[in-house]
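This is what each chain is made of:
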Amino acid sequence: MKVTVSRKAHFNAAHRLYRKDWSNAQNEALFGKCSNPHYHGHNYELIVHVTGDIDPETGYVMDMKILKDLIKNEVEDKMDHKNLNEEVAEFFDLIPTAENMVVVIYNSLKPHLNPEHTLEVTLYETPRNYVSYSE
Ligand code: NI
């Protein structure tokens, strides 16, 4: 019997979507406002889903305090109020789209979870645009 537990988190971050090998005009044509050379911010909403069996001893799939602290240590402390392109190493050579961000977040959480648990990460860049990743 598999149950999914989910934890929401929030962070603010700045980014610029652009290719260094393209002109500003090319970047603006594809990435629009998100290629603004002066950067801009988003209020990101993150939802982390962990699926597994209920531990008969505790009645938990996993301790939500541990999940909360893990998200804080691995995601919020790294990305909150940061310029993703310039301050977060994973994005020095990777365009910080929501798609790439959700994979980076997944990869930073996964090694800390019970390997028998399934992880899915959903990231909202705006209230209407969101991406999900699970292996
Ligand atoms: Ni943007």
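Everything below is about the structure printed above this text.
Residues numbered from 1 in each chain as written. Predicted model: local features only at pLDDT ≥ 70, side-chain atom pairs only at ≥ 80, totals over all residues. Heavy atoms only, no water.

**Q** Explain the pairing of strand β1 (residues 2-15) here, please?
**A** Two faces belong to every sheet, and in a regular strand the side chains alternate between them. In the sheet, β1 pairs with strand β2 (residues 40-53) via 14 bridges, with the strands oriented antiparallel. Looking across to β2, one finds that Ala13 is bridged to His42. Here β1 pairs with strand β3 (residues 82-83) via two bridges, running parallel. What sits directly across from Ala14, in β3, is Asn83. (Pairing = 2+ DSSP bridges. Helix = DSSP H or I, 4+ residues; strand = E, 2+ residues; numbered from the N terminus.)

**Q** Could you clarify how one ought to interpret the coordination of the nickel ion in this entry?
**A** Metal coordination angles in their ideal form are 109.5 degrees for the four-donor tetrahedron and 90 or 180 degrees for the six-donor octahedron. Within the protein, the nickel ion binds to His15 (NE2), Cys34 (SG), His40 (NE2) and His42 (NE2); these donor distances fall in the range 2.0 to 2.1 Å. Note that the nickel ion binds four donor atoms; their angles at the metal cover 93 to 129 degrees, and the shape is tetrahedral. Sequence spacing among the residues donating to the nickel ion works out to H-x18-C-x5-H-x1-H. Of the two residues, His15 is situated in strand β1 and Cys34 in the loop between α1 (24-31) and β2; the sequence distance between them amounts to 19 residues. (Donors = N, O, S within 2.8 Å, 3.2 Å for Na, K, Ca; no water. Tetrahedral: all angles 85-135°; square planar, octahedral: opposite > 155°, others 65-115°.)

**Q** Explanation requested: the side chain of His15 in the structure shown.
**A** A relative accessible area of 0% means that His15 is categorised as buried. Within the structure, the side chain of His15 is placed 3.2 Å from the side chain of His42, a separation counted as a polar contact. A polar contact of 2.9 Å, which involves the side chain of His15, links it to the backbone oxygen of Pro96. Sequence-distant contacts of His15, that is, excluding residues within four places in its chain, are made with Cys34, Tyr39, His40, His42, Tyr44, Leu84, Asn85, Pro96 and Glu125. (Buried < 20%, exposed > 50% of the residue type's maximum accessible area, 1.4 Å probe, protein only. Polar contact = N/O pair within 3.5 Å; in protein donor to acceptor, adjacent residues only side chain to side chain. Contact = heavy atoms within 4.5 Å.)

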